Structure formats: structure tokens, C-alpha cells
Amino acid sequence: MSPKDGVSKLQKTLRYIDIMLKVEDALEKGFDMSKNGGVLEDDPEYQLIIDCNALLVDIENEIVIIHNFIRDMYRLKFPELESLVHHPIDYARVVKRIGNQMDLTVVDLEGLVPSAIIMVVSIAASTTSGKPLAEEVLRKTIDACDRALALDSSKKKVLDCVESRMGYIAPNLSAIVGSAVAAKLMGTAGGLSALAEMSGCNIQSLGAKKLAGFSTATSQCRVGYIEQAEIFLSTPPFLRMRACRLVSAKSTLAARFDSIRVDPTGKTGRTFCDEIYKKIEKWQKSPPAKQPKPLPEPDSMPNKKGLRWRSVSS
């Protein structure tokens, strides 16, 4: 596969170019809520959010394609690197910085990956079996790295645009799960109205990926985009599945409020969020200690016939 076949396909499409122009224009002009009103689905801002969510999925998929291409190319030079630097963008940055250099003591990787990873990469490079790449192969590899980094930059712009608009599009849902997660939920569901019609258990599974080789029961325990919410991450691990069900249920209610524009201030969503935090805090408290119950006096114990025991002395 050459870079022009799969790597650069998305960036050259009219859809990608059109959406990115709208995103950059929206970020430059800012957002004025006073100009918006009427039916939410007819609002250009709402349509832009829907388009951005779809584009984010395409960008992430394209980055995976580029990452696989870079690994296939650079494996001849440094086969151990892909097992040390896992994140596709970090991998692209490191590959671009190292290039064809065999002596990593003269390559500065500071700021690209953590110091511990830099040390491990340097040690692996000193014992690698890889060989320098041919000039043409190196050029294609570096070109693919540049494309991956450009897509990552576009992804950040789109996310910034989406998050800045979610406070208006879905203020109550954003108050619970955050703007980024709210945008992903809405985009995956197919819009705010479609999200509002979903049940809590279905919202919980949005974005969940089935694990290959595992049973259906195991895959159903996977959490989708909800696991990226701050309220989920701040919950102790042993309570997260329980908290996820609660967050999903409240998110359904919040989406319904947003879809009919009942509370554009987001106050209802903040109230729901406070309720969730209070419940999670309550779950963490130990139950009250069971008080020992004193045994009754022998004379006061009734027998099977309802008569009281008499002492021997009587």
C-alpha cells in the first residue's frame, strides 16, 4: 500500500476540506448564543456538530491506517519500536525524529514521550537488528508521519469546535458527562433526538467495542464513551459499573431535557450530576455497625406453650 492509496485519501476529499473550513471559521468567529433560536435540528450550529462527529470517526480510522503503514515501513529500521511506543501519534513523532539515525545518543526525544520510554527506546536501539532504510522508503515513511500529525492537528480543532458548541446544543448532558463525551454520544446515536429516545442501557453501550475472542457475556460488560467521563474516572474501580448505570440513566433524562429545550441553562444537568456524586459517595461509606442484641433473661423466655420458665428454687 502506498501513502497515496490509503493514507492521503481522507484529506483530499471535498467533505473533509469543507468541514475543516467551517470549523476554522467557527473557531475564529466564536459562538454567539443570542443569534440561535427555533428548532434545534434546523440550526446550522447543530448540523456542524453532527458533521464534525462523523468526521472525527473518519479521522481516527485514517490515523490507524497511517499508523499501520508507518509500522510496516519502519519495522525494517527499528522493529522493537512499535512494542515500546504504542500511541499512533507518539510513534509518528518518534519515527520522524529518529529517521535513519542508528545512534540514538545524538537524537533528542525529550518532550515526545516520557523519560522512562526514552531510556527503554535508547537501550533497544543499541541492540536492534534493523538496518537503515532506502531513501525512497524513508521519504514515504516521513511523509506518512507528517500526514498523521496533520490529521491529529485537525482532530484537535474539530474537538475544540464541538466542545465549544455543546454548551448550547446539549447543556444538561454536557453538565453530566462533559462536552467531549456528550458530543461523541450524540454523534454515535445519530443526533440529540435519537439519543433522547434511547434507554440508559443502550447509552451505556455507545462506543463500546467487542473484544475479539471473548464471550458475549464478557463483551457486554464493556463500557463505551461513558468510561471517558470525569465522573466515571473519579469513581473507585469496584463501583464503576454501578456508577456507569446511574450515569447512563441520568444522561438519558438530560438528553430528553435538551432535545425539547426545557432547560437551556444546564441547571437540571448540574443537579443530576450532584445527585450522582452524592450517591457514589454514599456507596463508599461503610454500613453502620450491627449492634449486639442482648440475650433475654431466663425467666422472661417463653416456651413453646407460651408459658414462662420457672426457676428451680421456686
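Refer to the preceding data block for the structure.
Residues numbered from 1 in each chain as written. Predicted model: local features only at pLDDT ≥ 70, side-chain atom pairs only at ≥ 80, totals over all residues. Heavy atoms only, no water.

## Side note on the overall build of the protein chain
As a reminder, the rule being used: A run of H or I in DSSP counts as a helix once it spans at least four residues, and a run of E counts as a strand once it spans at least two, with each numbered from the N terminus. For this analysis, residues touch if any pair of their heavy atoms sits within 4.5 Å. Residue burial considers only the protein chains on display, and all accessible areas are found by Shrake-Rupley using a 1.4 Å probe.
Summing up its helical and strand segments, the protein chain has 15 helices and zero strands in all. If you take every contact in the protein chain between residues at least 6 apart in sequence, the share linking residues at least 24 apart comes to 68%. For the protein chain, the exposed surface amounts to about 18,200 Å²; the carbon and sulfur share of it is 56%.

## Focus: the pattern of salt bridges
This is how it is decided: We define a salt bridge as a side-chain nitrogen of Lys or Arg found within 4 Å of a carboxyl oxygen belonging to Asp or Glu. Buried residues are those whose accessible area, probed at 1.4 Å on protein chains only, stays under 20% of the maximum for their type, while exposed residues exceed 50% and partly exposed ones sit between those limits.
In this structure the tally under the stated criterion is 14 salt bridges. The partner of R147 in a salt bridge is D143, with the nearest N and O atoms 3.0 Å apart. On the criterion of helical spacing, the pair formed by R147 and D143 is a turn pair, its members being four residues apart in helix α7 (residues 135-169). Salt-bridge contacts for K250 lead to E275; the nearest nitrogen and oxygen are separated by 3.0 Å. With a gap of 25 residues between them, K250 in helix α14 (residues 240-259) and E275 in helix α15 (residues 267-284) connect regions that are remote in the sequence. What makes K250 buried here is its relative accessible area of 18%. For E275, a relative accessible area of 34% puts it in the partly exposed group. Salt bridges linked by common partners bring D90, R93, D152 and K156 together as one network.

## Quick notes on a nonpolar patch on the surface
The test is simple: The patches described consist of residues with a relative accessible area above 30% and no salt bridge, like charges being joined within 9 Å and nonpolar side chains (Val, Leu, Ile, Met, Phe, Trp, Tyr) within 5 Å.
Together, L14, I17 and L21 give the surface a local cluster of nonpolar side chains, amounting to about 330 Å² of exposed area. Mapping I17 onto the fold places it in helix α2 (residues 14-29).

## Looking at the packing of α14 against α15
Put simply, the test is: In this analysis an axis means a line fitted to C-alpha atoms, helices contributing only their contacting stretch, and an angle means the value between N-to-C directions, from 0 to 180 degrees. When an angle is under 35 degrees it counts as roughly parallel; over 145 it counts as roughly antiparallel; between 65 and 115 it counts as roughly perpendicular; any other value is oblique. Each helix crossing is assigned a hand: it is left-handed if the near helix lies turned anticlockwise from the far helix by less than a right angle, otherwise right-handed if that turn is clockwise. Any residue that is not Ala, Val, Leu, Ile, Met, Phe, Trp, Tyr, Cys, Pro, Asp, Glu, Lys or Arg is counted as polar, Gly included; the first ten are nonpolar and the last four charged.
Where α14 meets α15, the axes come as close as 10 Å, and the angle between the chain directions of the two elements is 165°. Viewed along their axes, α14 and α15 adopt a mutual orientation that is roughly antiparallel. The crossing of α14 and α15 is right-handed. Facing R242, A243, L246, V247, K250, L253, A254 and F257 of α14, the residues of α15 in contact are T268, F272, E275, I276, K279, I280 and W283. Tallied by class, residues from the contact of α14 with α15 come to 10 nonpolar, one polar and four charged.

## With respect to unusual backbone geometry
With a phi angle near 55°, R261 is a residue other than glycine that sits in the positive phi range. In this fold, R261 is placed in the loop between α14 and α15.

## A short note on the packing of helix α3 (residues 44-74) against α7
It is the contact of α3 with α7, at a shortest axis distance of 9 Å, that shows an interaxial angle of 155°. The pairing of α3 with α7 is recorded here as roughly antiparallel in orientation. At the point where α3 passes α7, the crossing takes the left-handed sense. Taken together, the residues of the contact of α3 with α7 sort by class into 24 nonpolar, two polar and eight charged.

## Some points on the side chain of R165
So the rule is basically this: Polar contact criterion, stated in full: a pair of N or O atoms within 3.5 Å, where within protein one must be able to donate a hydrogen and the other to accept it, and residues adjacent in sequence count only if both atoms are side-chain atoms.
Examined against the element boundaries, R165 turns out to sit in helix α7. What makes R165 buried here is its relative accessible area of 2%. There is a polar contact of 3.2 Å between the side chain of R165 and the backbone oxygen of A26. For R165, the side chain forms a polar contact with the side chain of S164, separated by 2.8 Å.

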